[in-house]
Structures are given as structure tokens and as C-alpha cells.
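The primary structure of each chain is shown beneath.
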Amino acid sequence: MLARKSIIPEEYVLARIAAENLRKPRIRDRPRKARFIAKNGACNLAHKNIREQGRFLQDIFTTLVDLKWRHTLVIFTMSFLCSWLLFAMMWWLVAFAHGDMDPSTENATNSTKWTPCVTCVRSFTSAFLFSIEVQVTIGFGGRMMTEECPLAITVLILQNIVGLIINAVMLGCIFMKTAQAHRRAETLIFSRQAVIAVRNGKLCFMFRVGDLRKSMIISASVRIQVVRKTTTPEGEVIPIHQVDIPVDNPIESNNIFLVAPLIICHVIDKRSPLYDISAADLVLQDLELIVILEGVVETTGITTQARTSYVAEEILWGHRFVPIVTEEEGVYAVDYSKFGNTVKVAAPRCSARELDEKPSILIQTLQKSELSHQNSLRKRNSMRRNNSIRRSNSMRRTNSSLVVPKVQFITPEGSQSASET
């Protein structure tokens, strides 16, 4: 506005804008890599150019279970409706071939000479209703079979068999979709972030896992895999290279008792892919740590699996999870509001390899943290002393302001006497 009115020259405005741009360099964020496993456990993978689509029809039951609910309900409805229409057409053809549709036979129905295949079936609508009654075993008493036509008896047996097959497949599909294992995994939670800290003198990668339900997961086990892009010495590029890393578990069976939230620990040693990574290198690493929890649901006996992943931005170096299990009135209480809370702790910023080669780094780090802790305590105590001294001085000033001053009285003889009131 000012430049347009020629109050400030345009050359000055352009120079100032250029100077501001130089003072504030533009920092371009590193493009984020697509996750292989999302935080909710879903696989971030798209299948394209599948030519042999017929393989999905060979495993029709699994295909029906994997479909979305709207597609499953449409197939459920159409399977019954199509079967009713198909057998209604067959019943109509049987009645038509036998002559039950002839109007001249309507008056002869009550006589003993004429017996229809199915009573009261004289149109396609009545044949459709009879088909529904046969397949769902609902009989209203108006239409019924007779022993006149062996073909009708054969159709009746065929429709019952087909109806039982459709019921078994469709009801089994609905049951499996409602009782899928990943539904139980919704109550298995992982900490939003993972941490790297010192435990028992070793750098450890740790995360927390918990179960929200009282029904336990039997034979629960945890596996950790590192997914990263690697290149072999021969020049082959492997975009998704999976490496298993061990989990520090004192139990030989490698099963965990997930009755309360646990902190799963991985010791970063020579076998670990994180052995050569320091705190400064962690941000630049293009890796993803996948956590897989498997177990058997206690109530249903179905094996379930819960998954999550941690990228480099979600790993906090030099942090530790706060305790959330306390004993209250003889009962262990879990505070899930602090499930993912962490605190800073003393941890060397070097890699685990450098820590193994120079153990003095850990001692120096602990000593520095102890000194800083003592200094903070001294500052806190000095601040408390200063505050107490200030409070005492302020109290003395207020008390001194309340003291009544001395008053002197002069007698007629000229002598002075001091009295205090």
C-alpha cells in the first residue's frame, strides 16, 4: 500500500523482501516414506495387475469372508432370492406339465378322479410362495405336496438339499466375519512411540503393550522385524528386506503373561540391526520396526494377531516409560491415561558399538547426569531458602509496621518523661 503511493520507494521494498528471504532459509522436509504397516496394524500394500482372477473363486469361502459387509449382505440376499425363484420356476413347470394350470380342472379338484401334484398352485405367484415355504420350512396349510407326481417329490428333495447348503455357507460366512481374529486385536494396544534407553548397562529398544479386556490372551508371543531398503554386494536392490531381531525375554518359552501392560525390551547388541545407529543417525535412517503380537483368545480359542510399526520419527532416544501399575487397597490398578507417557533419562548419544568399545562413555554420561541432578537440587534448595528468607523479611516488615511508636510528654516544670502506650 505504501509502495503504491510512492511514500516508500519500490527499490527499498524489494531489497527488504530479499533480505528477509536470505535471513530465513527455506528448509525442505525430507519426503516421508510410505509405511509398510500402519499404526492400526493394516498392511499398506496394493495388489495390481493380477491376471489369474479365477484363483479367488477356487477358495470361495475365504473370498466371501474377506469381502466388505455390504457385498456380503447383497450376496446373502441374492443367493436366497435366486434359489426361491429358480425352484418356483421348477414348481410352475411341474404343475403346468401335469395340467394343474388348466381351468377345466378347477371344478374337478374336489372329485376323487383328479389329484394335483401340489394343491392350490395355479400361477407363478403361488408357485413362488410354495418354494419359499419348502425351503424355509414354513407351512401355512394352503399348499401341500401329494403323492401324484414322482417328479415333484424329486424337486422337493433337491430344493431341501440346496437350501441346507446355502444356509450352511451363508451363516458360516456371517459367523466368521463377526468372529474374525482381528476384531479381538482391537483391544490390544501399543504405545504410540518407542524409546531407546539404558537398561542393565545396555542400550535397549523398548515399547509398551497392553490388553484392555479382562479375558486373557493365552500363549502370547511378541516378534520384532526391521523392514528397510537394502542393496546386496552384487548390486541387487531389495525394497522390503525383513530382518528378525530378538526380544529380551527371561522366559525360555518366549511367551508373555499379558495380564497387565508390559514393556517389551530388545537389547541392541551385535545381532541387532540398530547396533551401528547413534542418536544423530536415527533421524536419517530409512527403516521401520514392525511389532507382531500373536496369541490365542481365551473365550473363543481363535488365534489372533495384532500389529503396529515404529518409524525413526516415532523413536525417542533417552526416554523411559513411566510406571502405570500401582497397588491400591490390595488390588493392582492400571492407569491407562499414562500408557504412552515417557520421561527423559540419562543415555549416551553414541551407538551401541561405540558404547561396547568405550564403556567409559556410559560412566561419564551417568556422572554428568548425577552432577546435573545435584545442581538442580542445589538450585531448587537455594530458591526455597531465598523464598523463605523473603517471606520472613516481609513478615518482619509487616510486624514492625504494626509496632506503636513512643510518645514523649512535657511536664510544666520543664522536665520530660517518656511513656509508651
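This is a predicted model, so every value here is computed, not measured.

### Some points on the overall build of the chain
1) Next: The number of helices and strands found in the chain is 10 helices and 15 strands.
2) Next: A burial count over the chain gives 29% of its 421 residues as buried.
3) Next: A separation of at least 24 residues holds for 63% of the contacts in the chain among residues at least 6 apart in sequence.
4) Next: Carbon and sulfur atoms make up 58% of the accessible area of the chain, which totals about 28900 Å².

### Things to note about the nonpolar core
1) Next: Within the largest apolar cluster, 39 residues are counted, with the highest numbers of intra-cluster contacts made by Phe 205, Phe 207, Leu 289 and Leu 293.
2) Next: Ignoring anything within four residues of it in the chain, the contact list for Leu 289 reads Phe 205, Ile 224, Gln 225, Val 226, Ile 245, Leu 274, Thr 308, Ser 309, Tyr 310 and Ile 315.
3) Next: If you look at the next biggest cluster of nonpolar residues, it comprises 14 residues, including Val 118, Val 121, Phe 130 and Cys 149.

### What about the sheet that holds strand β4 (residues 217–231)?
1) Next: Pairing is antiparallel in the open sheet, where 4 strands are placed in the order β5-β4-β7-β8. A single partner strand is all that each edge strand has here, and the edge strands are β5 (237–245) and β8 (303–311). Geometrically, the sheet is characterised by an average inter-axis angle of 25° between neighbouring strands, direction not taken into account.

### Brief notes about the pattern of salt bridges
1) Next: A complete count under the given rule lists 7 salt bridges for this structure.
2) Next: Of the charged contacts in the structure, one is a salt bridge between Lys 202 and Asp 356, with a shortest N-O distance of 3.7 Å. With Lys 202 in strand β3 (residues 202–211) and Asp 356 in helix α9 (residues 352–357), this pair connects stretches of sequence that are 154 residues apart.
3) Next: As a salt-bridge pair, Asp 269 and Arg 271 come within 3.3 Å of each other at their nearest N and O atoms.
4) Next: Ionic contacts of the salt-bridge type, sharing partners, join the residues Arg 35, Lys 39 and Glu 314 into one network.

### Considerations on unusual backbone geometry
1) Next: In the Ramachandran plot, Asn 200 falls in the positive-phi region, its phi being about 55° despite a non-glycine side chain.
2) Next: As for its position among the elements, Asn 200 is in the loop between β2 (194–199) and β3.
3) Next: Although it is not a glycine, Glu 329 sits at a positive phi angle of roughly 55°.

What counts as what
- Residues numbered from 1 in each chain as written.
- Predicted model: local features only at pLDDT ≥ 70, side-chain atom pairs only at ≥ 80, totals over all residues.
- Heavy atoms only, no water.
- Helix = DSSP H or I, 4+ residues; strand = E, 2+ residues; numbered from the N terminus.
- Buried < 20%, exposed > 50% of the residue type's maximum accessible area, 1.4 Å probe, protein only.
- Contact = heavy atoms within 4.5 Å.
- Areas by Shrake-Rupley, 256 points an atom, 1.4 Å probe, with all protein chains shown as cover.
- Core = buried A, V, L, I, M, F, W, Y, C linked by side-chain atoms within 4.5 Å.
- Pairing = 2+ DSSP bridges.
- Axes fitted to C-alpha atoms, helices over the stretch in contact; angles between N-to-C directions.
- Salt bridge = Lys/Arg side-chain N within 4 Å of Asp/Glu carboxyl O.

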